[in-house]
Amino acid sequence: MFSFSALSALCNESLNKLNCLAASYKVYIFSNEEKRNLSLGGHVGFDSLPDQLVSKSVTQGFCFNILCVGETGIGKSTLMNTLFNTMFENEEASHYQNGVYLRPRTYDLQESNVHLKLTIVDTVGFGDQINKEDSYKPIVDYIDTQFENYLQEELKIKRSLFNYHDTRIHICLYFIAPTGHSLKSLDLVTMKKLDSKVNIIPIIAKADTISKSELHKFKIKIMSELVSNGVQIYQFPTDDEAVSEINASMNAHLPFAVVGSVEEVKVGNKTVRARQYPWGVVQVENESHCDFVKLREMLIRVNMEDLREQTHARHYELYRRCKLEEMGFKDTDPDSQPFSLQETYEAKRKEFLGDLQRKEEEMRQMFVNKVKETESELKEKERELHDKFEQLKRMHQEEKRKVEEKRRDLEEEMNAFNRKKVAAETLSLSQPLKKDKDKKK
Amino acid sequence: MTTNIRYKSRIPVKTEDSAEEKQYVGFATLPNQVHRKSVKKGFDFTLMVAGESGMGKSTLVNSLFLTDLYKDRKLLNAEERINQTVEIIKHTVDIEEKGVKLKLTIVDTPGFGDAVNNNECWKPITDYIDQQFEQYFRDESGLNRKNIQDNRVHCCLYFIPPFGHGLRPVDVEFMKALHEKVNIIPLIAKADCLTPNEIKKLKDRIREEIDKFGIKVYQFPECDSDEDEEFKQLDKELKECTPFAVIGSNTVVEARGQRVRGRLYPWGIVEVENQSHCDFVKLRNMLIRSHMHDLKDVTCDVHYENYRAQCIQEMTSKLAQDNRMESPIPILPLSTPDAETEKLIKMKDEEQGVVGLSRA
């Protein structure tokens, strides 16, 4: 992980030292920067290197990941079935999802002796919601997650990259609805968010609803809108002589207008994949009917490897650089002295630990303070309660005393009354005799 | 055509029998008189088209009325449409056929469903329809009613995209917001991207979903029992065909030796007026040749009356709220107030009762 400048500086230093030593022994050491072309006297045999590479990769197997972005029902699953000439299992999606979900499915395919681990990622629910402002987020998150997983694997101490199942998205097929006018606003917004993270190939879906002249205008409008909004779609590479011509001509046919079908129809004396209408038969593999053949050529037969490379060399590197810069790693420090990853890592670690300790201290302080506060509050409350208790006790005593007094008064009264009663009774005992006597009279 | 047969007046043939002549009063000529007067007055019809951009609405309108209403139309770019609001644009044309004049107004709704955030994008449309109702209501209640302009929307053609598996949330919300204000006729747009099997599946699915969500689309009136069998058969076929799968075209192509409106593809020619290709003819017959007046009637008798009743109730309930205690006039009973309001009203009344008692 040294930067190139660091390496060359180190080399120069050591070379100088050696030269000084060598000067005394009259030995000449050539520096690395002088390269010479030599011609060979006979056949050595290292021209088999590409073949060795090929046989190695064939035994390893290839891995390819496609992301299909488009509204529900636009024909993503059908196109995948048509492209790979097989029936991947899928259910019809509903229009009533309340968000966008990504559904990755991995399949193992084999053709001749080449194994392909194909992952198809579907966007379920895309374009169905009434408010589509957040529709692009799950897609961007998924792509970033795959990059992140790869980065984690790369940064491991004990890593096994040759064994790693690479899930990074190599190609995003963006399905444009065939309205015939222009891109939809959602398309523009989504493609702008994706163009720096993944290779995008825009395709016009269900193209059997657009006539030739309308298609021509539609394609021009789409491309001009993409260009004027700065959306970077995937350009087929024109630097390799063998394929530059075909790639250049295909670049001019973008976006591809495709029709997908898994049904077979008899046309003439052949059975081809087609769609049967009352007014005619649209043949999928007929180049004058749609651009399916072009898409298959470009995507699978010619540029698959280039797509994988671009993903790794451009998009992944960009992600990695941004991520590491975020974490604080740099190639050169403010004094433009070369930094090593190890030093940066150590510095970051120390910083982090220091932070951690500080936070711990803070928390402990806070805790202690809180405890003190609560304690004092409780003490205060206790005192208050105690005071109240005393007060109530006193009141109680007062009341008791008063009641006692009243009781005594009452008793006295009662005694006085009883006495009077007794007196009155004895008086009345002698009285009724007199009354009787009066009555008798 | 069956429509002409229906509207021809049946004038009884005068016989030699003088007894019968005495019994002939003559009001059987009324249909004739109605026909004459209406031709003199002319007709008007307001049609609204709604749907996402690129569904072929303008092309279909041009095909229906065989004129070019949309010259010099400016279409917006994708970036301009990200935050687009819905506009309402009216095109009015006067067309004439065999002495019958029609003032046709097409209400266009550009921008519907085009923005990234389409929350309540149907609000400008419902507001427009309500506005027209309000204006008519005011004119009708005014003093000088000689020249009332009827700008109410008689019919709304809603274009459903054929690329999906059925209705989408925005379609459902739009139709639910409008089904009690205007006659909605849902159409499957750009039907030339569907094979006959797919069309059938999609139509079934849409009909199911319309039932499920309780959307009240325009229903064809039941035909009278005394109509002839042929007519009843046609009517039945029409009803089973909804929603119509339509294709429109602005161009004329040569097919089977004739010049017809159609779309030219490398694999064949789609004829707009071929019944086995699409339901355009059914739509045209229904919309223009047989049910135009019924659409107007339903708008006047059902949707407008609903609006009017609602308006009046709102006005009286406001009055009632202001003068709850002192109103000596018996207040019109509010139809279907919700249970909670009723409870509150009852409580308040009891309170007043108690207060009254205590006062006494």
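Residues numbered from 1 in each chain as written. Chains lettered and ligands numbered in written order. Predicted model: local features only at pLDDT ≥ 70, side-chain atom pairs only at ≥ 80, totals over all residues. Heavy atoms only, no water.

As a further point, take the overall build of chain B. When helices and strands are counted, chain B shows 11 helices and nine strands. Taken across its 360 residues, chain B has 41% of its residues classed as buried. Contacts spanning at least 24 positions in sequence make up 67% of the contacts within chain B whose residues lie at least 6 apart. Only carbon and sulfur atoms are counted for the fraction: they give 51% of the accessible area of chain B, which is about 21500 Å². (Helix = DSSP H or I, 4+ residues; strand = E, 2+ residues; numbered from the N terminus. Buried < 20%, exposed > 50% of the residue type's maximum accessible area, 1.4 Å probe, protein only. Contact = heavy atoms within 4.5 Å. Areas by Shrake-Rupley, 256 points an atom, 1.4 Å probe, with all protein chains shown as cover.)

Along the backbone of chain A there are 10 helices and nine strands. The proportion of buried residues among the 441 residues of chain A is 36%. Contacts in chain A between residues at least 24 apart in sequence constitute 66% of all its contacts with a sequence separation of at least 6.

Residues and elements named next belong to chain A. A full pass over the atoms with the stated rule returns 48 salt bridges over all chains. Residue Lys-379 is joined to Glu-375 by a salt bridge in which the shortest nitrogen-to-oxygen separation is 4.0 Å. Here Glu-375 and Lys-379 lie together in helix α10 (residues 341-440), a separation of four residues that amounts to about one turn. Judged by its relative accessible area of 55%, Lys-379 falls in the exposed class. (Salt bridge = Lys/Arg side-chain N within 4 Å of Asp/Glu carboxyl O.)

This part covers the UniProt feature "domain: Septin-type G" (unreviewed entry) in chain A. Per the UniProt annotation, the sites labelled "domain: Septin-type G" (unreviewed entry) are residues 60-326 of chain A. Regarding residues 60-326 of chain A, the helix share stands at 38% and the strand share at 22%, and the terminal C-alpha atoms are separated by 35 Å. (UniProt positions renumbered as here; feature names shortened; annotations may be inferred.)

Moving on, we come to the pairing of strand β1 (residues 62-69) of chain A. Residues and elements named next belong to chain A. For β1, the tally of buried residues reaches seven of eight residues, placing the bulk of the element in the interior. For β1 and strand β3 (residues 114-124), the ladder comprises seven bridges, and the chain directions are parallel. Note that in β3 the partner of Ile-66 across the bridge is Ile-120. Across four bridges, β1 lies against strand β4 (residues 171-176) in parallel orientation. (Pairing = 2+ DSSP bridges.)

This next bit is on the UniProt feature "site: Important for dimerization" (unreviewed entry) in chain B. Residues and elements named next belong to chain B. With numbering aligned to this structure, UniProt lists the feature "site: Important for dimerization" (unreviewed entry) at Phe-163. As for its position among the elements, Phe-163 is in the loop between β4 (155-160) and α6 (169-178). For Phe-163, a relative accessible area of 2% gives the class buried.

Strand pairing in a sheet takes place through backbone hydrogen bonds and is either antiparallel or parallel in direction. All names here are of chain A. Pairing is mixed across the open sheet formed by six strands, whose spatial order is β2-β3-β1-β4-β5-β6. The sheet is open, and its two edges are formed by β2 (101-111) and β6 (256-257), each paired on a single side. With respect to the sheet, helix α9 (residues 304-327) is in contact with β1, β3 and β4, its orientation differing from that of β1 by roughly 80 degrees. (Axes fitted to C-alpha atoms, helices over the stretch in contact; angles between N-to-C directions.)

This paragraph deals with the interface of chain B and chain A. A common way to state how big an interface is: give the accessible area lost once the parts meet. Each side of the interface is counted separately: chain B has 53 residues, and chain A has 45 residues. Together chain B and chain A conceal approximately 4000 Å² of surface at their shared face, both sides included; 55% is due to carbon and sulfur atoms. Taken as a group, B:Val116, B:Phe163 and B:Trp267 account for 21% of the area that chain B buries against chain A, more than any other trio of residues on that side. Put simply, chain B and chain A have three salt bridges between them. A:Lys184 serves as the salt-bridge partner of B:Glu52, at 3.2 Å between the closest nitrogen and oxygen. Across the contact surface, chain B and chain A share 17 residue pairs in polar contact (both at pLDDT 80 or more). Counting residues per element, the ones that place at least two in the side of chain B that touches chain A are α6, α7 (196-213), β8 (258-265) and β9 (268-271) of chain B. By residue number, the principal contributor to the side of chain B that touches chain A is α7(B), which donates six residues. (Buried area = accessible area lost by both parts, 1.4 Å probe. Polar contact = N/O pair within 3.5 Å; in protein donor to acceptor, adjacent residues only side chain to side chain.)

The next thing to look at is the side chain of A:Thr119. Residues and elements named next belong to chain A. Relative to the helices and strands, Thr-119 is located in strand β3. Judged by relative accessible area, Thr-119 falls into the buried class, the value being 5%. Of the polar contacts made by the side chain of Thr-119, one reaches the side chain of Asn-65; its length is 3.2 Å. When neighbours within four sequence positions are excluded, Thr-119 is seen to be in contact with Phe-64, Asn-65, Ile-66, Pro-104, Arg-105, Thr-106 and His-165.

All names here are of chain B. Compared with an ideal rise of 1.5 Å per residue, which puts 18 residues at 26 Å, α7 spans 26 Å between its outermost C-alpha atoms and is within 8% of the ideal. For α7, the full list of buried residues reads Ile-199, Leu-202, Lys-203, Ile-206, Glu-209 and Ile-210. The arc that holds every buried residue of α7, seen down its axis, measures 135 degrees, which confines them to one face. Among the exposed residues of α7, those oriented more than 90 degrees off its buried face are Asn-197, Lys-200, Lys-201, Glu-208, Asp-211 and Lys-212. Looking at the packing, one finds that the buried side of α7 touches β4, β5 (184-188) and β6 (244-245). A positive phi of about 70 degrees marks Gly-214, the residue just after α7. (Expected span 1.5 Å × (residues − 1). Arc of directions from axis to C-beta.)

Attention now moves to the sheet that holds strand β7 (residues 264-267) of chain A. Residues and elements named next belong to chain A. Strand order in the open sheet made by the three strands is β7-β8-β9, with antiparallel pairing throughout. Strand pairing shows two members of the sheet lacking a second neighbour, β7 and β9 (280-283), which therefore form its edges. The average angle at which neighbouring strand axes cross in this sheet is 65 degrees, direction not considered. Looking at chain direction, β7 and strand β8 (residues 270-277) are connected through four bridges and run antiparallel. Bridge pairing links Glu-264 to Arg-273 in β8.

The next thing to look at is the packing of helix α5 (residues 123-141) of chain B against helix α10 (residues 292-322) of chain B. Pairs of packed helices are described in terms of their axes, by the angle between the two and the distance that separates them. All names here are of chain B. Axis separation between α5 and α10 bottoms out at 10 Å; the angle between their running directions is 80 degrees. One way to sum up the angle between α5 and α10 is to call them roughly perpendicular. Contacts between α5 and α10 pair Asp-130, Phe-133, Glu-134, Tyr-136, Phe-137 and Glu-140 from the former with Thr-299, His-303, Tyr-304, Tyr-307, Arg-308, Cys-311 and Ile-312 from the latter. In terms of residue class, the contact of α5 with α10 is made up of seven nonpolar, two polar and four charged. (Parallel < 35°, antiparallel > 145°, perpendicular 65-115°, else oblique. Nonpolar A, V, L, I, M, F, W, Y, C, P; charged D, E, K, R; others polar.)

All names here are of chain A. Axis separation between helix α7 (residues 241-251) and helix α8 (residues 292-302) bottoms out at 11 Å; the angle between their running directions is 140 degrees. The angle between the axes of α7 and α8 places the two elements in the oblique class. Where α7 crosses over α8, the handedness of that crossing is left-handed. Packed against α7, whose contacting residues are Val-243, Ile-246, Asn-247 and Met-250, the element α8 presents Lys-294, Glu-297, Met-298 and Val-302 at the interface. The residue makeup of the contact of α7 with α8, split by class, is five nonpolar, one polar and two charged. (Left-handed = near helix turned anticlockwise from the far one by under 90°.)

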